[in-house]
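Report on the structure
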Amino acid sequence: MNLVVPPLAVAATCLALAGCATAPPKSNQAAYQAYEQQNDPLKPVNKVIYHFDNRLDTYLLRPVAMGYIDVTTPGIREHVTYFMRNLLAPGQVLYFMASGKPRDAGTMLVRFLVNSTVGVGGLFDPARSLGYRHVYTDLGLTLASYGVPPGPYLYLPLFGPSGVRDALNWPASYFMTPTFPAPPSTGLTIFSDSATTLGLVNLRARLHGTISNIKETSLDPYATFRSLYRQHRAAELKTINQRDVATPPAWYSAAQRKAMRHDEYDDDNN
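Residues numbered from 1 in each chain as written. Predicted model: local features only at pLDDT ≥ 70, side-chain atom pairs only at ≥ 80, totals over all residues. Heavy atoms only, no water.

1. Points about the packing of helix 4 (residues 74-98) against helix 9 (residues 186-206)
Convention followed: Note on definitions: angles span 0 to 180 degrees between N-to-C directions of axes, and those axes are lines fitted to C-alpha atoms, for helices only across the stretch in contact. The helix and strand labels rest on DSSP assignments: H or I over at least four residues marks a helix, E over at least two residues marks a strand, and numbering proceeds from the N terminus. Here the angle decides the label: under 35 degrees means roughly parallel, over 145 means roughly antiparallel, 65 to 115 means roughly perpendicular, and every other value means oblique. What makes a crossing left-handed is the near helix being turned counterclockwise from the far one by less than a right angle; a clockwise turn instead makes it right-handed. Any two residues having at least one pair of non-hydrogen atoms within 4.5 Å are treated as being in contact.
Where helix 4 meets helix 9, the closest approach of the two axes is 10 Å, and the angle between their N-to-C directions is 125°. The orientation of helix 4 relative to helix 9 falls into the category oblique. As helix 4 packs across helix 9, the resulting crossing turns out to be left-handed. Where helix 4 abuts helix 9, its residues R77, V80, T81, F83, M84 and L87 lie against F191, A195, L198, G199, N202, A205 and R206.

2. What about the pattern of salt bridges?
To keep things clear, this is the line we draw: Criterion for a salt bridge: a side-chain nitrogen of Lys or Arg within 4 Å of a carboxyl oxygen of Asp or Glu. For the exposure calls, accessible area comes from a 1.4 Å probe over protein chains only, and a residue counts as buried if that area is under 20% of its type's maximum, exposed if over 50%, partly exposed in between.
Scanning the entire structure with this criterion turns up eight salt bridges. The partner of R226 in a salt bridge is D40, with the nearest N and O atoms 2.8 Å apart. Highlighted residues: R226 in helix 11 (residues 221-242) and D40 in the loop between helix 2 (29-38) and helix 3 (43-71), separated in sequence by 186 residues. Linking R204 and D57 is a salt bridge whose minimum nitrogen-to-oxygen distance equals 2.6 Å. Of this pair, R204 sits in helix 9 while D57 is found in helix 3, placing the two residues 147 residues apart along the sequence. For the residue pair R204 and D57, the accessibility class agrees, reading buried in each case. Within this structure, D138, R165, D166, R233 and E236 form a network of salt bridges that share partners.

3. A look at the packing of aromatic side chains
Aromatic ring pairs are defined here through the distance separating the ring centres and the angle between the ring planes. What counts here: Stacked, tilted and edge-to-face are the three classes assigned to paired rings of Phe, Tyr and Trp, where Trp is represented by its six-membered ring and a pair needs centres within 6.5 Å; plane angles under 30 degrees give stacked, over 60 edge-to-face, the rest tilted.
Following the criterion strictly, the structure yields seven aromatic pairs and no others. Geometrically, the ring pair formed by Y50 and F225 is tilted, given 6.3 Å between the ring centres and 50° between the ring planes. Here Y50 is found in helix 3, whereas its partner F225 is found in helix 11, with 175 residues between them in sequence. On the accessibility criterion, Y50 (6% relative accessible area) is buried. When the centroid spacing of 6.1 Å and the interplanar angle of 90° are considered together, the rings of F83 and F191 count as edge-to-face. Remark: F191 occurs in helix 9 and F83 occurs in helix 4; sequence separation between them is 108 residues. Relative accessible area serves as the criterion here: at 17%, F83 is assigned to the buried category. Counting every residue linked through ring pairs, the aromatic cluster contains Y50, Y153, Y155, Y222 and F225.

Below, the structure is given as structure tokens:
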């Protein structure tokens, strides 16, 4: 699955920007504390990119997403979400294994095998009805499990809120999709580009209500997006650590399922 921006270019940009970070002197306690709390030393550059993306969203992405919403049903958009999740599943199996989470890795492996076959290439989610519910991870969360800090906040062109560590998710996802190791062909290129475009439009449509609400009600949308992103990433990591239990199949009794606390940590929002 190709990306809109070449992944190596994204990584190089992030590393270059990271080198620009300069903290205020500790003698200025108020400024230094604000710097530590925001962890946004690249704010001038980030805000330029944010305003560019905001205009791009206003005049291109939002109208396309609204048109997509008008011509599709919630059910169709849900199946597109299933399909995109299935493309990411093989990479997530490896990430969970690298994080020392073999049970979650097994869950994602079963989901990929079942949904790719019975689920018609991932358009449906029969694995969920068998008790193998969607769990989420990525390279950034894997690195976090090894103690790698998020680093300075970054607002990436087209991709939005991120951090130095999490910015690596985009190039990693390029290499981790099932289509990457396949022999190159015109048909595969068309499929990959179409899937990427559809996935981005579908994601923007899913986030339409949240994005619109923030832009309309927040006094500082940039700061709000930054805060929500950090909270979301911290919650994802916490969920992975709390969910490190065996996956209870559907044929387990209700008491067994409750004891294993599986339902409490479903990741269907990712």
